[in-house]
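For reference, the chains in residue letters:
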Amino acid sequence: MEKGILYLVGTPIGNLEDITLRALRILKEADLIAAEDTRYTRKLLTHYDIHTSLTSFYEHNELKKTSYLMNYLKEGKKIALVSNAGMPGISDPGYCLIKEAIKEKIKIVPIPGPTALISALTVSGLPTDSFIFVGFLGRKKGKRVNKLKALKEEKRTLIIYEAPHRIKKVLREIKDILGDRQIVVARELTKKFEEILRGKISEIEILFEEKEPRGEFTLIVEGKK
């Protein structure tokens, strides 16, 4: 029996118009869509009148669901893997499934789409020729501090994701460990309330004291001079 195909489909990071024609075709043609949050993905599918079956595939069921999806692929089915926003596997579930598919010689096809880290980097005004993607620093302070200490001598531009309820603490930790560097804080990219703030970390901290931070954040931090 011919094995199936695993498609890694990039989806909008906010604005639903930011999806390719190819991605829409794959989502329609797939036998199953594995989604980080089926409720979120269903809004996208409804918007484009797509009726492909959905199954959940998120952080806490990734290991269990990988076996289920692999059986599907071995039966010759086509699966489209999507995250809530951007490319699957980038600070989102997908690594375990992709690794297992490679092991079983399943064909994997990337369907490129938007990603917050590149979108924020291009508008940052900080060097783009060489950068390092850090992702989320971590929920616990100790883990965040250790990561930042390891990056203290890094000369490349740093890209960090952060949630709104931790952003103030994380900015303070970055400033304490890396120094009061230039930073670009991008929130709600491509959405109605998109905002891009530039300045020293201390300047951004003052802004967030005056206005409570909301939305998902991408931080572009100047590398060590």
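Up top is the structure these notes are about.
Predicted model only: the values in this text are computed from it and were never measured.

Parameters at a glance
- Residues numbered from 1 in each chain as written.
- Predicted model: local features only at pLDDT ≥ 70, side-chain atom pairs only at ≥ 80, totals over all residues.
- Heavy atoms only, no water.
- Helix = DSSP H or I, 4+ residues; strand = E, 2+ residues; numbered from the N terminus.
- Buried < 20%, exposed > 50% of the residue type's maximum accessible area, 1.4 Å probe, protein only.
- Core = buried A, V, L, I, M, F, W, Y, C linked by side-chain atoms within 4.5 Å.
- Contact = heavy atoms within 4.5 Å.
- 1 Å grid on protein atoms, 1.4 Å probe; cavity = no way out; pocket = protein on both sides within 12 Å on 5 of 7 lines; lining within 4 Å.
- Points joined across faces, edges and corners; volume = space filled by probe spheres on them.
- Nonpolar A, V, L, I, M, F, W, Y, C, P; charged D, E, K, R; others polar.
- Salt bridge = Lys/Arg side-chain N within 4 Å of Asp/Glu carboxyl O.
- Pairing = 2+ DSSP bridges.
- Axes fitted to C-alpha atoms, helices over the stretch in contact; angles between N-to-C directions.

### As for unusual backbone geometry
The backbone of Asp-49 shows a phi angle near 55°, a positive value even though the residue is not glycine. Relative to the assigned elements, Asp-49 resides in the loop between helix 2 (38-47) and strand 3 (54-56). Here Asp-49 falls in the exposed class, since its relative accessible area comes to 53%. The backbone phi angle of Lys-105 is positive, close to 60°, even though this residue is not glycine.

### Topic: the nonpolar core
Within the largest apolar cluster, 22 residues are counted, with the highest numbers of intra-cluster contacts made by Leu-171, Ile-174, Ile-183, Val-185, Phe-208 and Leu-219. For this core, the secondary-structure elements that each account for two or more residues are helix 6 (141-150), strand 7 (157-162), helix 7 (167-178), strand 8 (182-187), helix 8 (201-210) and strand 10 (217-221). The residues touching Ile-174, leaving out its near neighbours within four places in the chain, are Leu-148, Ile-160, Gly-179, Ile-201, Leu-219 and Val-221. One finds Val-9, Ile-19, Leu-45 and Val-82 within the second-largest nonpolar core, a separate group that totals 18 residues.

### Things to note about the layout of surface pockets
Roughly 1,200 Å³ of internal volume is contained in the largest pocket. Residue lining of the largest pocket: 37 residues in total, with Glu-36, Ser-91, Asp-92, Phe-136 and Tyr-161 positioned closest to the centre. At the level of secondary structure, the elements contributing two or more residues to the lining of the largest pocket comprise helix 6, strand 7 and strand 10. Split into classes, the residues belonging to the lining of the largest pocket amount to 15 nonpolar, 10 polar and 12 charged.

### Considerations on the pattern of salt bridges
Opposite charge on two side chains lets them pair, provided their charged atoms get close. Tallied over the entire structure, the rule returns 13 salt bridges. For Glu-153, the salt bridge is made with Lys-224, and the minimal N-O distance between the two is 2.4 Å. Placement of the pair is Glu-153 in the loop between helix 6 and strand 7 and Lys-224 in the segment after strand 10, with a sequence separation of 71 residues. Overall, the relative accessible area of 49% leaves Glu-153 in the partly exposed class. Lys-224 gets classed as partly exposed once you look at its relative accessible area, which sits at 33%. For the salt bridge of Lys-191 with Glu-188, the shortest nitrogen-to-oxygen distance reads 3.7 Å. On the basis of relative accessibility, which here comes to 34%, the residue Lys-191 falls in the partly exposed class.

### Some details on the sheet that holds strand 5 (residues 107-111)
The strand order across the open sheet formed by 5 strands is 3-2-4-1-5, and the pairing between neighbours is parallel. Of all strands in the sheet, those bounded by a partner on one side alone are strand 3 and strand 5. Geometrically, the sheet is characterised by an average inter-axis angle of 25° between neighbouring strands, direction not taken into account. Inspection of the sheet shows strand 1 (residues 5-9) paired to strand 5 by 5 bridges, in the parallel sense. Counterpart to Ile-5 in the pairing with strand 5 is Lys-107. Here helix 4 (residues 95-103) sits on the sheet in contact with strand 1, strand 4 (78-82) and strand 5, set at roughly 150° to strand 1.

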